[in-house]
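Tertiary structure, described
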Amino acid sequence: MRTALALVLAIALAQGAPRARPIVVASKPFGESYILCEMFAQLLEARGFRVDRRPGLGATEIAFAALRNGSIDVYPEYTGTGLLALLGDTTRRTPAQAFTHVATEFRQRFGVTWLPPLGFENTYAISVRRETAAQYSLRTLTDLARVAPSLRAGFTADFIGRHDGLPGLSRAYGLTFREVRPLLAAVKYQALAGGQVDVIDGYSTDGLIARYDLVVLADDRGFFPPYQAAALVSVALARDDPRAVATLAELSGRIDGAMMRALNRRLEVDGVAVGTVSRDALDSLGLGRPSRAATGAAGTPTGRISAWNSFVHQIVDERGALARRTWRHLVLSAVSLAVAALVAIPFALVLERRRRLAEPLVRVTGLLQTIPGIALLAFMIPLVGIGIVPALVALFVYSLYPIVRNTYSGVRDADPVAVNAAHALGMTPTQVLRLVRLPLAAPTIMAGVRTAAVINVGTATLAAFIGAGGLGEPIVTGLALSDTGLILSGAVPAAVLALLVDVALAACERAVRPKGL
Amino acid sequence: MMLTARDVTKRYATPAGAVNALAGVSIDVADGECVALVGESGSGKTTLLRCFNRLVEPDSGAVSVDGADVRQANEVELRRHIGYVLQEGGLMPHWTVRRNVELVPWLIGLPNAGALGTEAMGLVGLTDNSFDRRYPRQLSGGQRQRVAMARALAARPTVLLLDEPFGALDAITRSDLQEMFIAVRKQRPVTCVLVTHDLFEAQRLADRIAVMRAGAIEQIGASLDVIGSPATAYVARLVEKAGLQRLERHP
């Protein structure tokens, strides 16, 4: 029912879906994936296809779930990730065997197509500072295992959890670190360079490895599977538009490791806009000439400038985009909150009449609250795809508890003497609820709505991970590209928005407070 | 309007076990009479009072108002035609005094609710129309109880149930309101059941007193008879504690 509700909302909200759907090109939330996504998009546009960009989707599970259910049509993926993270297969294979295996398995199991590899591998690059390498004479992971007990590791949460990450690596090499800290991809290089950690999980094509002059330790036991990059294509696109698939396949075998490293370096070190990096790359391959100037992804960084300048640029020069994102953010929050209030308040009123059921059911809505945001969004994708619908459903779910809790408590605990008198003087139960309990509970109910609204506005930044836009968009992009100013250009307005919403609802709270109280 | 209760019993389940709130109580209240139910807390006096407007449903026995069994009546309708005053007033805090007073006429759907409200406020001595727009919070305790009384009287009920109506007031205000009550009864011949733990108040306001103890009526009779000749040691002790034996000696 919730799904149906959300669908109705989304239809009401959607900007008129075109009949022939554009090709939805997506990426995962890190720089290289952004570049490849943008190259796919520009190449398709150059050949006259209409394209919708959805860069920065949550992580592997979210992007793949979105591809499987047809919410997106293509995104860059890595054979090793397909093998281990998606198929859970740990058999050792050569790069060619690995590709053949994932291509066959994915077609059989999911109907999804792997286009021939793009031409480079991007494996995990366990990296240390140059002086650490010199101090302990580290060249390989076997060397690292020897001194690991005295080193602090900073790994991404993804790496710490994955079969092909830390657990497998520890077994293969007998690694035990003094400490393992989970780090965001956006900060791990700074943390290593700054000496807060001694070992990180880089990607072999990262531009930042060169920037920070790091030493990549060789995988001498061949633990990591081959991570060849390739375009992963949805069932629908492969079936309906072979010409688009053929266009994408033109990139197969064209991007080697050196080229990818250079592109990443331009984006992450030199701070060139992703649209420009991708256009230049396509030009150099003779595949360029887009029919129209590429607009670049939302929140594209504009040069390696200081965080402050980047922030100011986003807030001042890109104020149109800021206004659009703020509006989208507000719409997401307002619609989900309004529906939540429309559902939660009557629900709580029913509970007040069925007190035995009340506490358990209120707790259940509380339990929904504890589902981590990104997990809830991930659950939603197989049901309702990506974009605005799952975002609305998730925000709706998060808004329920404070409203249900406050409404129920407020109505239940409404001035017992007044309630008693209301019964004694001959009000019907419905009149007692409508004329006494509800008005007396109104400020408490409104306080619940207010709490829900502030949580909602904060949580709505996560919506960007599933392509629903809003102020989370520059946060996601900024995290992927290590652009602090970009992150702040989403986070600061989101915080201001939450404050304003709180102030506005505080005024509503005063307005609904009955005069005599 | 005559009120009767016949062999009424009521047991409550409490965490400490079942409690006999009413253990076979019978009482008759004649038309226009005021009977006070006196006793310690837990004696069952409020439970008995609440049987008359079905806020409490007896386990056994029969309760009737004007000869009609209350179980035959619609409980909401029944309550609308019986005035009720609570100790804490129980005014709707979010409503003005005026709206509070007009509540029952409005519930019944009487077209002249406004006039009835004005009349009731006059009866209890709230003649200053500045009260109309004030909220209960802005009133003194005594004023609130006057409003509660006006609210109970507004629909011109013939029966009035009062549960410790002046219990929470200071001595002077209490005395003022007792006088107001006496004055109201002179103008409105209404059948009253008054719950109080104060024997002095009972003899001042009621025609008859029923002393209750452990869910039963220990003694019932004309006010001065109960005070003058207590039937049991318990009643005698109550009278003594209230300091009323002196009143008997110097009437």
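What counts, and where the lines are drawn
- Counting restarts for each chain: residues are numbered from 1 in the order of the written sequence.
- Whichever chain is written first is A, and whichever ligand is written first is 1; the rest continue in order.
- The predicted nature of this model means local features are confined to residues of pLDDT at least 70 and side-chain atom pairs, given and counted, to a pLDDT of 80 or more, with totals for whole chains, interfaces and linings taken over all residues.
- Working definition: helices are DSSP H or I runs of at least four residues, strands are E runs of at least two. Numbering for both runs from the N terminus.
- Computation of the radius of gyration draws on C-alpha atoms, with the globule rule given as 2.2 Å multiplied by the number of residues to the power 0.38.
- To sort residues by burial, count the other C-beta atoms lying within 10 Å of each one's C-beta; a count of 20 or more means buried, 12 or fewer means exposed, and anything in between means partly exposed. C-beta atoms are built from the backbone.
- Once C-beta atoms are placed from the backbone, any two residues with those atoms within 7 Å are in contact.
- What a helix should span is 1.5 Å times the count of its residues minus one.
- Strands qualify as paired when DSSP identifies two bridges or more between them.
- What we call a nonpolar core is a set of buried Ala, Val, Leu, Ile, Met, Phe, Trp, Tyr and Cys residues whose membership is set by joining through C-beta atoms within 7 Å.
- Confidence of the predictor at the level of single residues is given by pLDDT, which spans 0 to 100.
- Only C-alpha atoms enter the line fits that serve as axes; for helices the fit covers just the stretch in contact. Angles between N-to-C directions range over 0 to 180 degrees.

Description of the overall build of chain B
- Scanning chain B from terminus to terminus reveals eleven helices and ten strands.
- Compactness check: chain B gives a C-alpha radius of gyration of 18 Å against a globular reference of 18 Å for 251 residues, within 12% of the reference.
- Projecting the C-alpha coordinates of chain B onto the three principal axes gives extents of approximately 50 × 45 × 35 Å.
- Among the 251 residues that make up chain B, the fraction classed as buried is 46%.
- Nonlocal contacts in chain B, meaning residues at least 24 apart in sequence, comprise 69% of its contacts between residues at least 6 apart.

What about the overall build of chain A?
- Within chain A one finds 24 helices and ten strands.
- For chain A, the C-alpha radius of gyration of 26 Å lies close to 24 Å, the compact-globule estimate for 517 residues.
- In terms of overall dimensions, chain A has a C-alpha envelope of 85 × 55 × 50 Å along the principal axes.
- The buried share of chain A, reckoned over its 517 residues, is 50%.

Details of helix α6 (residues 141-153) of chain B
All names here are of chain B.
- Compared with an ideal rise of 1.5 Å per residue, which puts 13 residues at 18 Å, α6 spans 19 Å between its outermost C-alpha atoms and is within 8% of the ideal.
- Those residues of α6 not exposed but buried are Q143, R144, Q145, R146, V147, A148, M149, A150, R151, A152 and L153.
- In this fold, the buried residues of α6 make contact with β6 (82-85), α3 (97-101), α4 (103-108), α5 (113-123), β7 (159-163) and α7 (171-187).

Observations concerning the pairing of strand β6 (residues 152-155) of chain A
All names here are of chain A.
- Across four bridges, the pairing between β6 and strand β7 (residues 179-182) is parallel. When the sheet's bridge partners are listed, F155 is paired in β7 with P182.
- In this sheet, strand β8 (residues 199-203) lies alongside β6 in parallel orientation, the contact comprising two bridges. Each bridged residue has a counterpart across the sheet, and for A153 the counterpart in β8 is V199.

Describing the interface of chain A and chain B
- Each partner contributes residues to the interface: chain A has 18 residues there, and chain B has 19 residues.
- Listed by contribution, the elements that provide at least two residues to the side of chain A that touches chain B are α21 (416-424) and α22 (429-459) of chain A.
- With six residues, the single largest contributor to the side of chain A that touches chain B is α21(A).

Let's talk about the nonpolar core
- A:F40, A:I62, A:A66, A:I466, B:L37, B:A150 and B:V193 are the most contacted members of the largest nonpolar core, which has 202 residues in total.
- Ranked by size, the runner-up nonpolar core spans 28 residues in total, among them A:A148, A:L151, A:L166 and A:V199.

A short note on the confidence of the model for chain B
- For chain B, the mean per-residue pLDDT works out to 90, and 96% of the residues sit at or above 70.
- This complex was scored by the predictor with a pTM of 0.75 and an ipTM of 0.90.

So, the sheet that holds strand β4 (residues 60-65) of chain B
Residues and elements named next belong to chain B.
- As summarised here, the arrangement of the four strands in space is β2-β1-β4-β5, forming an open sheet in which the pairing is antiparallel. Both edges of this open sheet fall to β2 (17-29) and β5 (68-69), since each of them pairs with a single strand only.
- Strand direction decides the pairing type here: strand β1 (residues 3-14) and β2, joined by ten bridges, are antiparallel. Its bridge partner lying in β2, A13 is registered against A18.

As for the environment of B:V38
Residue and element names in this part refer to chain B.
- Looking at the element boundaries, V38 is found in strand β3 (residues 34-38).
- In sequence terms V38 and G67 are 29 residues apart; their C-alpha atoms lie 25 Å from each other.
- Those residues in contact with V38 that sit more than four places away from it in its chain are T196, H197, L199, A202, I209, V211 and M212.

Structural notes on the sheet that holds β8(A)
Residues and elements named next belong to chain A.
- With mixed pairing, the five strands of this open sheet are ordered in space as β7-β6-β8-β5-β9. Each edge of the open sheet carries a strand with a single partner, namely β7 and β9 (214-216). In this sheet, adjacent strand axes meet at a mean angle of 35° when their direction is disregarded.

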